[in-house]
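# Survey of secondary and tertiary structure
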Amino acid sequence: EAAVTQSPRNKVTVTGGNVTLSCRQTNSHNYMYWYRQDTGHGLRLIHYSYGAGNLQIGDVPDGYKATRTTQEDFFLLLELASPSQTSLYFCASSEDRSNTEVFFGKGTRLTVV
Amino acid sequence: GDSVTQTEGLVTLTEGLPVMLNCTYQSTYSPFLFWYVQHLNEAPKLLLKSFTDNKRPEHQGFHATLHKSSSSFHLQKSSAQLSDSALYYCALSVGGNEKITFGAGTKLTIKP
């Protein structure tokens, strides 16, 4: 089964702080995604990538940057964190073919105080 | 753009009763539809997905039928179990899975 590992699992930072969330997948999937999960909004796509060096903008990208350094590693960067970015963040990966399963990591709970 | 609508945010049922969670979608193209389930403190995982040949997908007693005429992919189960309590997401993708759009989710609670 596909393995997607996120770190850290929990993070508290102050408003205006700098945060990096990390994600590694070990199944050679081309696609990787960052989602945020909020009650009433479900899973919303922040950024995604289909390979090293590639970055695509999702539906809620404001305040976030992302980098895909290798096929395995995808990072989400919050350079000036705000309380509105307090959320549960999921990284995910999938193959690049139609109708295929997306595999999620266990999530990172970020609190901005 | 593509969108998915799940009309119920919260659904509470008694064990043994039938389950139906609604999902409708809007898409310019002919999308693939999915149901993901997320149990408490776990990651979302695939429950079932639509087939290209119109077969009805089934898993763990759940099934869903893709109705292109009404743009729907409702999730059903004949008899709810306590272990079905979870958050359920309907989702769609178009073409090469480049971008997957999720609905807002339905929290299903099954009571004894």
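Reading the values: the criteria
- Once a new chain begins, its residue numbering starts again from 1 and follows that chain's sequence as written.
- Starting at A for chains and at 1 for ligands, labels are handed out in the order in which the entities are written.
- For this predicted model, a pLDDT threshold of at least 70 governs which residues receive local features, and a threshold of 80 or more governs which side-chain atom pairs are given and counted, while totals over whole chains, interfaces and linings are taken from all residues.
- The basis for every side-chain value is the complete set of heavy atoms in the structure, and neither hydrogens nor water enter the calculation.
- The helix and strand labels rest on DSSP assignments: H or I over at least four residues marks a helix, E over at least two residues marks a strand, and numbering proceeds from the N terminus.
- Only strands that DSSP links by at least two bridges are regarded as paired with each other.
- The set of buried Ala, Val, Leu, Ile, Met, Phe, Trp, Tyr and Cys residues whose side-chain atoms join them within 4.5 Å is what this entry labels a nonpolar core.
- Burial classification: accessible surface area is computed with a 1.4 Å probe over protein chains only, and a residue below 20% of its type maximum counts as buried, one above 50% as exposed, and the rest as partly exposed.
- Whether two residues touch is decided by their heavy atoms; if any such pair falls within 4.5 Å, the residues are in contact.
- Disulfides are defined as cysteine sulfur pairs within 2.5 Å.
- On a scale of 0 to 100, pLDDT captures the predictor's confidence in every residue.
- Note on definitions: buried area is the accessible-area loss of two parts on being combined, 1.4 Å probe, summed for both.
- A pair is scored as a salt bridge if a Lys or Arg side-chain nitrogen falls within 4 Å of a carboxyl oxygen belonging to Asp or Glu.
- Polar contact is defined as a pair of N or O atoms within 3.5 Å, subject to the rule that within protein one atom must be able to donate a hydrogen and the other to accept it, and that residues adjacent in sequence are counted only when both atoms are side-chain atoms.
- Each residue is assigned to one class: nonpolar for Ala, Val, Leu, Ile, Met, Phe, Trp, Tyr, Cys and Pro, charged for Asp, Glu, Lys and Arg, and polar for all the others, Gly among them.

## Describing unusual backbone geometry
Here A:Ser7 and A:Pro8 are connected by a cis peptide whose omega angle stands at -10°. Structurally, A:Pro8 can be placed in the loop between β1 (4–7) and β2 (10–13). Even without being a glycine, B:Asn41 presents a positive backbone phi close to 65°. When you line up the elements, B:Asn41 lands in the loop between β5 (32–38) and β6 (45–49).

## Digging into the sheet that holds strand β8 (residues 62–64) of chain B
Residue and element names in this part refer to chain B. Taken together, four strands build an open sheet; the order of strands is β3-β9-β8-β7 and the sheet is antiparallel. The sheet is open, and its two edges are formed by β3 (19–21) and β7 (58–59), each paired on a single side. By the bridge criterion, three bridges tie β8 to strand β9 (residues 75–77) in an arrangement that is antiparallel. Within β9, the position partnered with phenylalanine 62 by the bridge is lysine 77.

## A few points about the nonpolar core
Formed by 24 residues in total, the largest nonpolar core has its most connected members in B:Leu33, B:Trp35, B:Leu47, B:Leu48, B:Leu75 and B:Tyr88. When residues of this core are traced back to their parent elements, those giving at least two are β2 (10–14), β3, β5, β6, β8, β10 (86–93) and β12 (106–111) of chain B. It is β10(B) that contributes the most residues to this core, four residues altogether. What B:Leu48 contacts, discounting residues up to four positions off in sequence, is B:Phe34, B:Trp35, B:Pro57, B:Glu58, B:His59, B:Phe62, B:His63, B:Ala64, B:Phe73 and B:Leu75. A:Phe90, A:Phe104, B:Phe32 and B:Phe34 belong to the second-largest nonpolar core, a separate cluster that totals 20 residues.

## Describing the pairing of β2(B)
Look at any regular strand and the pattern is simple: side chains alternate between the two faces of the sheet. Residue and element names in this part refer to chain B. With burial as the criterion, only one face of β2 is covered, namely that bearing Val11 and Leu13; the residues Leu10, Thr12 and Thr14 on the opposite face remain uncovered. In terms of strand pairing, β2 meets β12 through five bridges, oriented parallel. If you follow leucine 13 over to β12, its bridge partner there is isoleucine 110.

## Looking at the state of the cysteines
Counting across every chain of the model gives two disulfides over all chains. Bridging A:Cys23 to A:Cys91, the disulfide has an S-S length of 1.9 Å. On the sign convention where negative means left-handed, the S-S torsion of about -75° between A:Cys23 and A:Cys91 marks this disulfide as left-handed. With A:Cys23 in strand β3 (residues 19–25) and A:Cys91 in strand β9 (residues 87–94), this residue pair connects regions lying 68 residues apart in the sequence. Residue classification places A:Cys23 among the buried residues on the basis of a relative accessible area of 2%. By relative accessible area, A:Cys91 is classed as buried at 0%. Disulfide pairing is shown between B:Cys23 and B:Cys90; the S-S distance is 1.9 Å. On the S-S bond that ties B:Cys23 to B:Cys90, the torsion sits near -65°, and the link is left-handed. One end of the pair, B:Cys23, is in the loop between β3 and β4 (24–26); the other, B:Cys90, is in strand β10, with 67 residues separating them in the sequence. Residue B:Cys23 shares its accessibility class with B:Cys90, and that shared class is buried.

## So, the confidence of the model for chain B
Averaged over every residue, the pLDDT of chain B is 90; residues scoring 70 or more account for 95%. The weakest mean pLDDT in chain B belongs to β7(B) at 78; the strongest belongs to β12(B) at 97.

## Quick notes on the interface of chain A and chain B
The interface of chain A with chain B comprises 24 residues on the first partner and 22 residues on the second. Here chain A meets chain B over a buried area of about 1900 Å², counting both sides, of which 51% is carbon and sulfur. At the junction of chain A with chain B, the criterion picks out zero salt bridges. At the junction of chain A with chain B, the criterion picks out five residue pairs in polar contact (both at pLDDT 80 or more). Elements supplying a minimum of two residues to the side of chain A that touches chain B: β4 (31–38), β5 (42–49) and β9 of chain A. Partitioning the side of chain A that touches chain B into residue classes produces nine nonpolar, nine polar and six charged.

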